[in-house]
Amino acid sequence: MRIYGEILSDVPTVIQDSVIYSILSEKKMAPQMRGIFDGGRLEEFKESRTLNTSDLSNPTLSAIIGRKMARLHKLEMPLCKEPKWLTDHLKSYLSNVLNNISFKEEPKSKQLKKLLSYNLEAELQFILRLIEDTHSPVVFCHNDMQEGNILVDDQDGAAPTDDRVTVIDYEYSAYNYRGFDFANHFCEWGMDYCSVNTPVWPYFSVDTTAWPSRKQQLHFIDAYLAESGEFSADREAILQEVERFALVSHYWWGLWAIAQAYMSHINFGFLEYAQARFDWYFQMKKNLTCNRKHAGL
């Protein structure tokens, strides 16, 4: 039983999510929908577990996830085909962060002040230029393909197969740049929300060295391209998409986390998470190798 939370807080968003989920359920790309009620829905229960962060680097699982992403990207969905989801959310989140968010608690207030010292408006302009300067096809994206949103049925010890892996949680799904889905997934290789290493506040840990190597990225990308039938695709150009949209992912989730710290009742270190994402953002921005001149560096 899924109860809609703060993400699905308005009627149009709930309707869109229900339409998306109904289509994916019918195509057997998500657990089957059993029913809808005011404030939530019933979904098929699948005997499985969510992936751990360490599972993402498993070559077999990585290839499966690549194929799953390719199948999702090939869908024609009854949604706006313009990539407005990303830029609209970036602008609205930033406006909310700058104009509506404050904290009475001194520790949180100090954390927010540090985050605002980064001149987030200037960084948004950089991000928008980066997006404009990067060729990346617009496709139907999941936009949050992290380990907690991927199920695997390995209860009997069998090796994972496509049929045993299910992608869930499509609340953020929309037409978006392909590079965002790639890069966002790779960022999650270094974000751990559920292991034995994070049982205490802030309930996550970060390992930037876990960012996939060129070989690991290409292993995922090749599985994706084989499933898509794009055998002549420019793999180097896709790696450039990944490098650039990784910055976009960090910036997006950094703003998201600040907003969540203000509105969410979940016991999670959202401001600490925002700090971690912006720290990684600036680290990757400093090391950005692709078209430095055009990226405004």
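Reading the values: rules and limits
Residues numbered from 1 in each chain as written. Predicted model: local features only at pLDDT ≥ 70, side-chain atom pairs only at ≥ 80, totals over all residues. Heavy atoms only, no water. Helix = DSSP H or I, 4+ residues; strand = E, 2+ residues; numbered from the N terminus. Rg over C-alpha atoms; globule rule 2.2 N^0.38 Å. Buried < 20%, exposed > 50% of the residue type's maximum accessible area, 1.4 Å probe, protein only. Contact = heavy atoms within 4.5 Å. Areas by Shrake-Rupley, 256 points an atom, 1.4 Å probe, with all protein chains shown as cover. Lys, Arg positive; Asp, Glu negative; His and termini not counted. Charge placed at Lys NZ, Arg CZ, Asp CG, Glu CD. Salt bridge = Lys/Arg side-chain N within 4 Å of Asp/Glu carboxyl O. Polar contact = N/O pair within 3.5 Å; in protein donor to acceptor, adjacent residues only side chain to side chain. Expected span 1.5 Å × (residues − 1). Bend = angle between axes of the 7 residues up to and from the residue. Axes fitted to C-alpha atoms, helices over the stretch in contact; angles between N-to-C directions. Parallel < 35°, antiparallel > 145°, perpendicular 65-115°, else oblique. Left-handed = near helix turned anticlockwise from the far one by under 90°. Pairing = 2+ DSSP bridges. Core = buried A, V, L, I, M, F, W, Y, C linked by side-chain atoms within 4.5 Å.

Caption draft 1: Focus on the overall build of the protein chain. From N to C terminus, the protein chain includes nine helices and ten strands. The C-alpha atoms of the protein chain give 19 Å as radius of gyration, which agrees with the globular expectation for 297 residues (19 Å, within 12%). Oriented by its inertia axes, the alpha-carbon framework of the protein chain measures out at about 50 × 45 × 40 Å. Scored against the burial criterion, the 297 residues of the protein chain give a buried share of 51%. Counting only contacts in the protein chain whose residues sit at least 6 apart along the sequence, the fraction spanning at least 24 positions is 78%. When the accessible area of the protein chain is evaluated, it comes to approximately 14200 Å², of which 52% is carbon and sulfur surface. If you average the places of the 31 positive and of the 40 negative side-chain charges in the protein chain, the two averages end up 4 Å apart.

Caption draft 2: Structural detail: the side chain of Glu147. Along the chain, Glu147 falls in the loop between β5 (138–141) and β6 (150–152). Buried and without a salt bridge, Glu147 has Arg277 as its closest oppositely charged side chain, separated by 9.1 Å. Within polar-contact distance, the side chain of Glu147 engages the side chain of Thr53 at 2.9 Å. When residues no more than four places from it in sequence are discounted, the contact partners of Glu147 are Thr50, Leu51, Asn52, Thr53, Leu56, Glu188, Met191, Asp192 and Tyr193.

Caption draft 3: Region of interest: helix α8 (residues 235–263). End to end, α8 covers 41 Å across 29 residues, agreeing with the expected 42 Å (1.5 Å per residue, within 8%). Of all the bends found along α8, the most pronounced is centred on Phe245 and spans about 25 degrees. Most of α8 is tucked away: 23 of the 29 residues are buried. For α8, the side-chain oxygen to backbone nitrogen distance between the N-cap and Glu236 is 3.0 Å, and the N-cap itself is Asp234.

Caption draft 4: Representation of the environment of Trp201 in the model. By the element assignment, Trp201 lies in the loop between β9 (191–192) and β10 (205–206). Residues contacting Trp201, with those up to four places away along its chain left out, are Asn267, Phe268, Gly269 and Glu272. Side chain to side chain, Trp201 and Glu272 meet in a polar contact 3.4 Å long.

Caption draft 5: Structural detail: the packing of helix α3 (residues 84–99) against α8. It is the contact of α3 with α8, at a shortest axis distance of 9 Å, that shows an interaxial angle of 40 degrees. Of the possible angle classes, the one that applies to α3 and α8 is oblique. Between α3 and α8 lies a crossing of left-handed hand. When α3 is examined against α8, the residues Trp85, Leu86, His89, Leu90, Tyr93, Leu94, Asn96 and Val97 are found in contact with a partner set consisting of Phe245, Val248, Tyr251, Trp252, Leu255, Trp256, Ile258 and Ala259.

Caption draft 6: Highlighting the sheet that holds strand β3 (residues 40–43). The strand order across the open sheet formed by three strands is β1-β3-β2, and the pairing between neighbours is antiparallel. Each of the sheet's edge strands pairs with one partner strand only, and the pair in question is β1 (2–3) and β2 (33–37). Across four bridges, β2 lies against β3 in antiparallel orientation. Bridged to Gly35 within β3 is Leu42.

Caption draft 7: Representation of the nonpolar core. Membership of the largest hydrophobic core comes to 87 residues, with the highest contact counts inside it found for Leu86, Ile127, Tyr251, Trp252, Trp256, Ile258 and Phe278. At 16 residues, α8 tops the list of elements feeding residues into this core. Residue contacts for Leu86: discarding those within four places in its chain leaves Ile131, Asn176, Tyr177, Phe180, Phe245, Val248 and Trp252.

Caption draft 8: Just the pattern of salt bridges, in detail. In this structure the tally under the stated criterion is 20 salt bridges. A salt bridge links Arg49 to Asp154; the shortest N-O distance between them is 3.0 Å. With a gap of 105 residues between them, Arg49 in strand β4 (residues 49–50) and Asp154 in the loop between β6 and β7 (165–167) connect regions that are remote in the sequence. A relative accessible area of 22% means that Asp154 is categorised as partly exposed. Across the pair Asp153 and Arg164 runs a salt bridge, and its minimum N-O distance is 4.0 Å. One end of the pair, Asp153, is in the loop between β6 and β7; the other, Arg164, is in the loop between β6 and β7, and eleven residues separate them in sequence. Via salt bridges that share partners, Arg2, Asp17, Arg41, Glu43, Asp169 and Glu171 belong to a single interconnected network.

Caption draft 9: Here's a closer look at the side chain of Asp181. Along the chain, the position of Asp181 falls in helix α6 (residues 178–187). It is Arg178 that comes nearest to the buried, bridge-free Asp181 among opposite-charge side chains, at 9.6 Å. Polar contacts involving the side chain of Asp181 include one to the main-chain amide nitrogen of His142, which spans 3.0 Å. If we skip the residues at most four places from it in the chain, Asp181 touches Met69, His73, Cys141, His142, Asn143 and Asp144.

These values are about where atoms sit, not about what they do.
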